[in-house]
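# Report on the structure
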Amino acid sequence: MKTSIIAAGFCAIANVAAAEIPVLTVYTYDSFVSDWGPGPAVEKAFEVTCGCDLQFVGSGDGAALLARIRLEGARTKADVVLGLDTNLTATAAQTGLFAPSGISAKYNLPVAWDDTTFVPYDWGYFAFVYDKTKLATPPADFKALAASDLKIVIQDPRSSTPGLGLLLWVKDAYGDEAPMIWEGLSDNIITVTKGWSEAYGMFLEGEADMVLSYTTSPAYHLIAEQDDTKAAAPFAEGHYMQIEVAAKLAGTDQPELADAFLKFIVSDAFQSIIPTTNWMYPAITPTDGLPDGFETLITPAKSLLVPADQADALRDVALAEWLTALSK
């Protein structure tokens, strides 16, 4: 009897202790929470300082995050969303679901940052990655790629931020000629995946000659695998920039924890994790600088980026052109 009472007492104490640990729920994309992504290291580092349980929830790829948040609305369990980009921030802001961040930082971004809701955590340039041992001379622009017999794999712009970035890359570079570019590329595209991970996996398995990824992707192979056979093809039109962001949900029941997490994002502890886990440029250069190997990456001849407040309208036009071209 006494044993049962003691056991019950311990259970009650354990339940109270568990109840006292606050939970911060962060929606993000699948690759961020993978074993090789930033998630595990970020979780460990933040929990040391917050006295909380940081729980990442993978929700497909970047563009799928916003769709999920809009569907859940005020009922969402998310306290923070991490993984949108500037092609989506205007649409996200219009939902009224996000709150001002209160964050001020000295960012090392190629563009000025004055958004008071969304906090940038990394950035990079989209590019087509190839294997140098299989492709000696890559195409130098979209027209050359379209004229080739190379097989490529890309991501769906309706669910993936790289896929959306590609749409705006072509549209920004070619304007009214964009439909012609897509018509030329249609027979090069072997498949359109929902997210980046599936597409890159297909490329690594040899199912495509090139894959839509980032100029920074070869750094992974060089640093983590000591493999210098992967490269990003420099395109004469320039390369489209992606700036990834995080934001607090206005309806969060953990506002102080959410604020603490956003502050953590701009800290050296978070930013130093990004280069060799998310394989992107950090929004704020870490104290120790970028890892050896990043200096080997290509520098775009021209940087392309549609302003966030113009991305909505251009996205709709570009998506219609893309769907029309691929349906022929």
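The notes below deal with the structure included here. (Residues numbered from 1 in each chain as written. Predicted model: local features only at pLDDT ≥ 70, side-chain atom pairs only at ≥ 80, totals over all residues. Heavy atoms only, no water.)

## A short note on the overall build of the chain
Helix and strand content of the chain: 12 helices and 12 strands. Once the C-alpha set of the chain is aligned to its principal axes, its extents read approximately 80 × 45 × 40 Å. Here the chain, with 328 residues, has 52% of them falling under the buried criterion. Contacts in the chain between residues far apart in sequence, at least 24 positions, make up 78% of those at least 6 positions apart. Carbon and sulfur atoms form 54% of the exposed surface of the chain, whose accessible area is close to 14600 Å². Within the chain, the 42 negative side-chain charges are centred at a point lying 4 Å from the centre of the 20 positive side-chain charges. (Helix = DSSP H or I, 4+ residues; strand = E, 2+ residues; numbered from the N terminus. Buried < 20%, exposed > 50% of the residue type's maximum accessible area, 1.4 Å probe, protein only. Contact = heavy atoms within 4.5 Å. Areas by Shrake-Rupley, 256 points an atom, 1.4 Å probe, with all protein chains shown as cover. Lys, Arg positive; Asp, Glu negative; His and termini not counted. Charge placed at Lys NZ, Arg CZ, Asp CG, Glu CD.)

## Quick look at the pattern of salt bridges
Per the counting criterion, the structure on display carries eight salt bridges. A salt bridge links aspartate 131 to lysine 230; the nearest nitrogen and oxygen atoms lie 3.9 Å apart. Here the residue aspartate 131 occupies a position in strand β5 (residues 119-131), and lysine 230 occupies one in strand β9 (residues 230-232), the gap between them amounting to 99 residues. Taken individually, aspartate 131 and lysine 230 each receive the classification buried, so the pair is uniform in this respect. (Salt bridge = Lys/Arg side-chain N within 4 Å of Asp/Glu carboxyl O.)

## Thoughts on the nonpolar core
Counting residues in each nonpolar core, the largest one holds 100 residues, and the members touching the most others are Phe128 and Phe261. For this core, the element with the highest residue contribution is β5, accounting for eight residues. Look past the residues within four positions of phenylalanine 261 in its chain and what remains in contact with it is Leu24, Val26, Val42, Phe46, Leu54, Phe56, Val80 and Leu82. (Core = buried A, V, L, I, M, F, W, Y, C linked by side-chain atoms within 4.5 Å.)

## Quick word on the packing of aromatic side chains
Going through the model one piece at a time under the given rule, you end up with 26 aromatic pairs. Pairwise contacts between aromatic rings join Tyr29, Phe32, Phe46, Phe56, Tyr121, Phe261, Phe264 and Phe270 into one cluster. (Phe/Tyr/Trp six-rings, centres within 6.5 Å; stacked < 30°, edge-to-face > 60°.)

## Things to note about the pairing of strand β2 (residues 53-58)
The pairing of strand β1 (residues 23-28) with β2 spans six bridges and is classified as parallel. Of the residues in β2, the one forming a bridge with valine 26 is phenylalanine 56. Between the parallel elements β1 and β2, the chain passes through helix α2 (residues 39-50) in a crossover that is right-handed. (Pairing = 2+ DSSP bridges. Right-handed = clockwise from strand over helix to strand, strands pointing away.)

## Digging into unusual backbone geometry
Positive phi, close to 50 degrees, is recorded for glutamine 226, a residue that is not glycine. Within the secondary structure layout, glutamine 226 lies in the loop between α9 (217-225) and β9. Positioned with a positive phi, tryptophan 279 is a non-glycine residue whose angle comes to about 55 degrees. Secondary-structure assignment places tryptophan 279 in the loop between α11 (268-271) and β11 (281-282). Looking at tryptophan 279, the relative accessible area reads 8%, which means it is buried.

## Some words on helix α7 (residues 178-185)
Taken together, the buried positions of α7 are occupied by Ala178, Ile181, Trp182 and Leu185. Take α7 and look down its axis: the buried residues cluster within an arc of 95 degrees, on one side only. (Arc of directions from axis to C-beta.)

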